[in-house]
Amino acid sequence: MRWGGGCRSSGFLPVQSVYADFYIRDEFWPDFEARHFDEALSWFKRQDRTFGG
């Protein structure tokens, strides 16, 4: 868990995923809709990409 509600692996997973941002939904896969994907893309556009700096 990060400040501002962001989630990152912080070394928990392999080195390739250290700076990965995770977008988590409460719906299960059968309930996932196209609008949820659009919301995920919108969320990604708003992220501050500092890469730890």
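Look above for the structure.
How each quantity is defined
Residues numbered from 1 in each chain as written. Predicted model: local features only at pLDDT ≥ 70, side-chain atom pairs only at ≥ 80, totals over all residues. Heavy atoms only, no water. Helix = DSSP H or I, 4+ residues; strand = E, 2+ residues; numbered from the N terminus. Expected span 1.5 Å × (residues − 1). Buried < 20%, exposed > 50% of the residue type's maximum accessible area, 1.4 Å probe, protein only. Arc of directions from axis to C-beta. Polar contact = N/O pair within 3.5 Å; in protein donor to acceptor, adjacent residues only side chain to side chain. Contact = heavy atoms within 4.5 Å.

## A closer look at helix H1 (residues 34-45)
- Its 12 residues place the ends of H1 17 Å apart at the C-alpha level, agreeing with the 16 Å of an ideal helix rising 1.5 Å per residue.
- For H1, the set of buried residues is His36, Ala40 and Trp43. Down the axis of H1, the smallest arc covering the buried residues is 60°, so these residues share one side. Exposed side chains of H1 directed beyond 90 degrees from the buried face belong to Ala34 and Lys45.

## A word on the side chain of His36
- Take His36: it is sitting in helix H1.
- You can call His36 buried: its relative accessible area is 2%.
- Reaching out from His36, the side chain makes a polar contact with the side chain of Arg25 at a distance of 3.3 Å.
- His36 has contacts with Tyr23, Arg25, Glu27 and Asp31, leaving out every residue within four places of it along the chain.

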